Amino acid sequence: MKRLFTAAITFFAAQAALAGVAIEHWTTGNGTRVYFSAAPALPMVDVQLDFAAGSMFDPVDKAGLAALTRGILDLGAGERDETAIAEQLADLGAVLGGTADTDRASITLRTLTAEDKLQPALAVLEEVLRQPRFDGAILEREKARTIASLKDAMTRPDSIAGKAFWEALYPAHPYGRQATPESVANLNREDLVDFHQQLYTAGNASITMVGKLTRVEAEAIAERLSAALPPGTPPALPQPPAPVKGNTVALAHPASQAHVFLGLPAIERGHPDFFPMLVGNYTLGGGGFVSRLVREVRDKRGFAYSVYSYFAPMRQTGPFQIGLQTQRKQAQEAIKVVREVLDEFVAKGPTEEELAAAKANLSGGFPLRLDSNSKLLANIAVIGFYGLPLDYLDRYRERVEAVTADEVRAAFARHVRPVDLITVTVAAD
Amino acid sequence: MTMRQLLPLLLAPWLFSAALANPYETTLDNGLRVIVKEDRRAPTAVHMVWYRVGSMDEVDGTSGVAHLLEHMMFKGTPTVGPGEFNKRVAAAGGRDNAFTSRDYTAYFQQIPKEKLDEMMGLEADRMRHLNVDPKEFEQEIKVVMEERRMRTDDNPQAKLFEQMNAVAFQAHPYRRPIIGWMSDLENMTAADARAWYDTWYVPNNAYVVVSGDVDHQEVFALARKHYGGLAGRALPMRKAQIEPRQEGPRKLTVKAPAELPLLVMGYKAPILRNPATDREPYALEILAGILDGHDAARFNRKLVREDKLAVSAGVSYDNTARGPGMIYLYASPSEGNSIGELEFALRTEIARIKQEGVSAAELKRTKAQLVANQVYKLDSVFGQAMEIGQMEAVGLSWRDVEVMIDRLQQVTAEEVQAVAQKYFDDDALTVGILDPQPLDSQPRRQRLPTRH
């Protein structure tokens with residue numbers, strides 16, 4: 001992947017780029033899975049810890065717990081209060097980040113690798129992992145901020161549509177459970193401490209590192225961070241989401257544009273149909289300006305600035321989603337066009353020409369997915385967190401190339417039955 | 001070129017470009033400049049074409065034409081049909097897009113490195129041979145109106161900023177929104193777009209930026225091959241439109257469906273014109289970092305964390321632009337606090353800096369972040385090309401980056417205090433307030449019919 005310093009190594013590295021990325025993998029003494037890729041060109045390193053501690057683990061009446069726990073994690077730890085953490089990191093030029101999604105809670109650290117920067121920055125991260133304070137007054141402040149932001153989101157058509165979409169797709173699964181001002185108001189410190197104790201453990205974590213480190217240095221860092229966590233095991237998963245029946249949810253709003261989502265629960269991470277779905281969806285609505293949806297909805301009719309479709313494979317069955325925004329009076333007409341495009345595609349699949357174009361872009365453009373440390377980190381963290389095969393990136397192109405039109409049709413027939421599609425509109429006339 | 005030399009220089013990263021003679025640049029006979037930043041880490045490249053024309057070059061009645069033309073640039077030439085540009089980029093494994101700002105319009109492709117030749121062919125073709133087909137125009141103007149609805153009309157915060165600019169600037173074209181007023185979009189014609197293209201899209205009004213796994217000599221040769229044959233043409237005179245000095249505070253309110261109020265205080269502020277000798281724009285940039293550069297910077301620490309008056313607070317200041325500058329302070333009050341209390345709190349923070357200045361630790365901290373960011377920015381091939389492009393767009397050079405980093409390191413606490421005293425001046429202030437309205441479920445007002 002990375003060009004190094006001599007001609008010989010450069011030649012070798014260029015060959016490696018065609019194959020993918022060298023990912024080194026091991027497990028720490030405390031049971032944390034580690035994924036490392038050396039990137040020696042720049043004197044910096046990115047470290048990411050992922051815990052299976054996303055919103056899918058929110059208890060029934062405590063929606064918002066995962067997000068709040070992750071949000072407050074680095075606002076005071078051990079000897080350092082929130083100001084000391086922020087000031088020390090800024091002094092080092094280091095950046096601590098991360099967020100919680102449905103599946104994962106992540107903590108990221110980007111720092112320079114000079115010894116007087118790297119070690120103190122790691123010390124802050126280590127303390128955040130070992131001893132977050134969950135200070136009661138800070139919790140109340142962050143609850144108030146979260147509630148204010150949730151209330152504001154519920155005035156915006158895109159957020160309203162998004163919330164309704166997930167609720168409709170996952171009526172009986174945690175993926176459909178959304179934080180509300182009320183659910184957040186009821187959270188208390190004990191909830192956060194319990195959630196943290198159960199899930200922020202070495203056995204429930206993966207560590208990804210990309211940067212200017214040797215294997216020996218990377219091992220030492222991983223041991224140090226992992227040792228700051230209690231042991232522990234991954235949590236049990238909820239029952240997988242049940243299939244849904246077709247339905248329409250129409251919500252009123254004064255906006256000038258309607259926001260429209262169509263979709264259903266489709267596939268999980270690691271599903272054998274992933275590559276046929278990826279290649280097929282490129283033609284349908286994933287391929288940016290060249291997709292059928294863009295051609296029919298935007299180019300031919302001028303209905304929308306943005307129209308797309310995608311699959312979001314998750315730990316459990318993630319959604320297939322089509323989205324667009326259009327003037328409220330023409331929303332129904334736009335939905336009709338989307339339906340026709342989808343029906344046609346599901347029935348007949350891509351043409352040979354479209355299939356070839358999809359492969360050319362996905363396979364040919366593969367190096368663009370990996371041309372920075374940030375992109376490498378994101379890709380490797382997904383491989384680590386979801387337990388995808390270590391040769392996933394190496395084999396990405398060959399698996400794209402191997403997809404046939406029949407496989408695309410079969411995969412869409414299995415996972416995207418148009419009759420089961422849920423339609424959510426906000427502000428549509 | 002070897003990357004090995006890079007490492008000892010890291011304590012003085014602003015010496016990078018000088019020490020490594022990277023980027024490289026040349027100018028073709030027709031006036032087109034080509035700038036190349038080699039980054040050999042991965043087998044990819046970014047190809048960008050920047051035109052020195054943005055919404056500030058528009059005139060009243062055709063606001064939005066710069067951005068509309070950006071859309072039309074994908075609608076075909078005599079040899080590349082409508083939509084074919086995107087198809088060829090996609091077939092090459094690439095991703096492409098474009099963006100229009102007040103100061104410039106730029107087009108880019110992110111590609112496997114071996115596709116650069118083909119991309120240059122495509123960009124050179126549409127630099128001088130665009131069809132502005134009336135049929136394509138009729139569809140695309142609708143797309144742009146949908147874009148305006150999405151980005152501005154249904155976005156209360158964006159609408160507030162649009163109104164702020166319209167009030168803060170009177171003579172200068174920065175008063176007009178980049179996307180254009182809706183009525184101007186409704187009245188736009190294909191001929192407007194055609195005239196814009198014919199006037200501004202010439203090689204002597206453009207420059208090419210390439211970054212990634214490329215050899216600069218090879219890039220220069222490719223540029224000569226593709227762009228070298230395009231004829232330059234004299235550009236119209238650009239008349240300076242100088243914003244008169246503001247002589248008293250201005251205030252505006254936007255009412256829109258929302259929950260959180262938003263307060264924006266915008267002060268007229270200087271722009272960097274001479275990177276070597278200017279001082280104030282650097283001091284203001286450092287000041288912005290001290291107020292809002294990290295989670296414990298003054299605004300977040302005091303207003304959000306300690307006093308809990310605001311749910312968020314920040315500062316925005318860009319000291320490079322073709323036109324005049326503003327420094328914006330903004331905040332949303334927490335429940336139970338009013339916009340008035342929040343404005344008082346922001347003013348109190350400003351008064352503290354004016355009276356007491358800033359600490360040595362704060363100054364050092366902001367500079368340390370700046371140094372680290374000089375390393376982090378090298379991680380993005382796209383970001384490196386963007387930095388070069390944006391510098392050139394505002395009349396500076398990529399060569400000025402190292403000067404700017406150096407001058408930022410020289411800023412003193414006294415200079416920071418002095419610019420606070422000088423520029424946080426009520427007579428140069430525009431206050432904008434988003435006044436949230438309850439959400440009734442009906443469209444709020446009759447909208448003008450869309451022209452078809």
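Scroll up to find the structure.
Note that this is a predicted model, so its numbers are computed, not measured.

A. A look at the overall build of chain A. Scanning chain A from terminus to terminus reveals 16 helices and eleven strands. Taking 2.2 N^0.38 as the reference for a compact globule, 429 residues should give roughly 22 Å; the C-alpha atoms of chain A span a radius of gyration of 23 Å, in line with that estimate. Judged by the C-alpha coordinates and their principal axes, chain A covers about 60 × 60 × 35 Å. Counting over 429 residues, chain A shows a buried share of 59%. Residue pairs at least 24 apart in sequence account for 80% of intrachain contacts in chain A once pairs closer than 6 positions are excluded. When the accessible area of chain A is evaluated, it comes to approximately 15800 Å², of which 55% is carbon and sulfur surface. Across chain A, 44 positive and 50 negative side-chain charges occur, with their mean positions spaced 4 Å apart.

B. Representation of the overall build of chain B. Along its length, chain B carries 16 helices and eleven strands. Since a compact globule built from 452 residues should have a radius of gyration of about 22 Å, the 23 Å found for chain B is in line with a globular shape. When its C-alpha atoms are laid out on the principal axes, chain B stretches across 65 × 60 × 40 Å. Accessible surface, chain B: about 17500 Å² in total, of which carbon and sulfur atoms supply 52%.

C. Molecular detail of the pattern of salt bridges. Taken as a whole and judged by the stated rule, the model has 68 salt bridges over all chains. Here Arg80(A) and Glu127(A) are joined by a salt bridge, their closest N and O atoms 2.0 Å apart. Placement of Arg80(A) in the loop between helix 2 (65–73) and helix 3 (82–92) and of Glu127(A) in helix 4 (residues 115–130) is noted, with a sequence separation of 47 residues between them. No difference in accessibility class separates Arg80(A) from Glu127(A), as the two residues are buried. Note that Arg145(A) and Glu142(A) form a salt bridge whose closest N and O atoms lie 3.0 Å from each other. In this pair, Arg145(A) and Glu142(A) are both assigned in helix 5 (residues 136–153), three residues apart and thus about one turn of the helix distant. What makes Arg145(A) partly exposed here is its relative accessible area of 27%. One network of salt bridges, in which partners are shared, links Asp46(A), Arg110(A), Asp39(B), Arg41(B) and Asp379(B).

D. Highlighting the pairing of strand 10 (residues 318–327) of chain A. Residue and element names in this part refer to chain A. Of all the ten residues making up strand 10, ten are buried; the element is thus mostly covered by neighbouring parts of the structure. Of the pairings in the sheet, the one linking strand 8 (residues 257–267) to strand 10 comprises ten bridges and is antiparallel in character. Note that in strand 10 the partner of Pro 265 across the bridge is Pro 319. In terms of strand pairing, strand 9 (residues 307–311) meets strand 10 through five bridges, oriented antiparallel. By the bridge assignment for strand 10, Tyr 308 is matched with Gly 323. Between strand 9 and strand 10, which pair antiparallel and follow one another directly, the connecting turn spans six residues.

E. Region of the structure containing the packing of aromatic side chains. What the rule picks out here adds up to 32 aromatic pairs over all chains. Ring centres of Tyr170(A) and Tyr175(A) lie 5.4 Å apart, and the angle between their planes is 85°; on these two criteria the pair is classed as edge-to-face. The pair formed by Tyr170(A) and Tyr175(A) is uniform in burial state, with each residue classed as buried. Aromatic rings pair up to connect Phe289(A), Tyr51(B), Phe74(B), Phe85(B), Tyr107(B), Tyr197(B) and Tyr201(B) into one cluster.

F. The arrangement of the interface of chain A and chain B in detail. At the junction of the two partners, chain A supplies 67 residues and chain B supplies 68 residues. Scanning the region where chain A abuts chain B turns up eight salt bridges. Across the pair Glu82(A) and Arg305(B) runs a salt bridge whose closest N-O atoms are separated by 3.2 Å. Put simply, chain A and chain B have 27 residue pairs in polar contact (both at pLDDT 80 or more) between them. Listed by contribution, the elements that provide at least two residues to the side of chain A that touches chain B are helix 3, strand 5 (105–112), helix 5, helix 11 (292–299), strand 10, helix 13 (352–364) and helix 14 (373–386) of chain A. Among the elements that take part in the side of chain A that touches chain B, helix 3 of chain A stands out by supplying six residues, more than any other.

G. Inspection of the sheet that holds strand 11 (residues 429–437) of chain B at higher detail. Residues and elements named next belong to chain B. The five strands lie next to each other as 7-11-8-10-9, forming an open sheet whose pairing is mixed. In this open sheet, the two edge strands, each paired with only one partner strand, are strand 7 (250–257) and strand 9 (310–317). Recorded for the sheet is a direction-independent mean angle of 15° between the axes of neighbouring strands. Sheet analysis places strand 7 next to strand 11, joined by eight bridges and oriented parallel. Opposite Arg 250, over in strand 11, you have Thr 430 as the bridge partner. Packing of helix 6 (residues 156–168) onto the sheet brings it into contact with strand 7, strand 8 (262–269), strand 10 (325–333) and strand 11, and relative to strand 7 it is tilted by some 155°. Where helix 10 (residues 280–292) meets the sheet, its contacts fall on strand 8, strand 9 and strand 10, and the angle it forms with strand 9 comes to roughly 165°.

H. Representation of helix 5 of chain A within the structure. Residue and element names in this part refer to chain A. Its 18 residues place the ends of helix 5 25 Å apart at the C-alpha level, agreeing with the 26 Å of an ideal helix rising 1.5 Å per residue. Considered for burial, the residues of helix 5 that qualify are Ile 138, Leu 139, Arg 141, Glu 142, Lys 143, Ile 147, Ala 148, Asp 152 and Ala 153. Residue Asp 135 occupies the N-cap position of helix 5, its side-chain oxygen lying 3.0 Å from the main-chain nitrogen of Ala 137.

I. Expanded view of the sheet that holds strand 4 (residues 95–100) of chain B. Residue and element names in this part refer to chain B. Taken in spatial order, the six strands of this open sheet run 1-2-6-3-5-4, and their pairing is mixed. Two strands bound the open sheet, and with one partner strand each, they are strand 1 (24–27) and strand 4. Between one strand axis and the next, the sheet turns through 15° on average, direction left out of account. Relative to strand 2 (residues 33–38), strand 1 is paired through four bridges, and the arrangement is antiparallel. Across the sheet, Thr 27 pairs through a bridge with Arg 33, a residue of strand 2. In the packing of helix 2 (residues 65–72) onto the sheet, contacts are made with strand 4 and strand 5 (105–112), and the angle to strand 4 comes to roughly 165°.

J. Highlighting the packing of helix 5 (residues 134–153) of chain B against helix 6 of chain B. Residue and element names in this part refer to chain B. Following both chains from N to C, one finds helix 5 and helix 6 inclined at 90°, their axes separated by 7 Å at the closest point. The pairing of helix 5 with helix 6 is recorded here as roughly perpendicular in orientation. Each of Arg 148, Arg 151, Thr 152 and Asp 153 in helix 5 lies in contact with helix 6, whose residues at this interface are Ala 158, Lys 159 and Glu 162. In terms of residue class, the contact of helix 5 with helix 6 is made up of one nonpolar, one polar and five charged.

K. Just the environment of Thr69(A), in detail. Residue and element names in this part refer to chain A. Assignment of secondary structure puts Thr 69 in helix 2. For Thr 69, a relative accessible area of 0% translates into the label buried. For the pair Thr 69 and His 196, spaced 127 residues apart in the sequence, the C-alpha separation amounts to 7.0 Å. Here Thr 69 is in contact with Phe 134, Leu 192, Phe 195, His 196 and Tyr 200, once residues within four sequence places are set aside.

L. Summary view of the pairing of strand 2 (residues 33–38) of chain A. Residues and elements named next belong to chain A. Two strands pair when backbone bridges link them, and strand 1 (residues 24–27) and strand 2 are joined in this way by four bridges, in the antiparallel orientation. From the neighbouring strand, Glu 24 faces strand 2, where its bridge partner is Phe 36. Here strand 1 hands over to strand 2 after five residues, with Gly 31 in that stretch at a positive phi of 95°. As paired strands, strand 2 and strand 6 (residues 205–211) are joined by six bridges and run parallel to one another. When the sheet's bridge partners are listed, Val 34 is paired in strand 6 with Ile 207.

M. Up close: the side chain of Asp184(B). Within the secondary structure, Asp184(B) is located in helix 7 (residues 182–187). Buried and unpaired, Asp184(B) has no salt bridge, with Arg176(B) as the nearest side chain of opposite charge at 6.5 Å.

Definitions and limits used
Residues numbered from 1 in each chain as written. Chains lettered and ligands numbered in written order. Predicted model: local features only at pLDDT ≥ 70, side-chain atom pairs only at ≥ 80, totals over all residues. Heavy atoms only, no water. Helix = DSSP H or I, 4+ residues; strand = E, 2+ residues; numbered from the N terminus. Rg over C-alpha atoms; globule rule 2.2 N^0.38 Å. Buried < 20%, exposed > 50% of the residue type's maximum accessible area, 1.4 Å probe, protein only. Contact = heavy atoms within 4.5 Å. Areas by Shrake-Rupley, 256 points an atom, 1.4 Å probe, with all protein chains shown as cover. Lys, Arg positive; Asp, Glu negative; His and termini not counted. Charge placed at Lys NZ, Arg CZ, Asp CG, Glu CD. Salt bridge = Lys/Arg side-chain N within 4 Å of Asp/Glu carboxyl O. Pairing = 2+ DSSP bridges. Phe/Tyr/Trp six-rings, centres within 6.5 Å; stacked < 30°, edge-to-face > 60°. Polar contact = N/O pair within 3.5 Å; in protein donor to acceptor, adjacent residues only side chain to side chain. Axes fitted to C-alpha atoms, helices over the stretch in contact; angles between N-to-C directions. Expected span 1.5 Å × (residues − 1). Parallel < 35°, antiparallel > 145°, perpendicular 65-115°, else oblique. Nonpolar A, V, L, I, M, F, W, Y, C, P; charged D, E, K, R; others polar.

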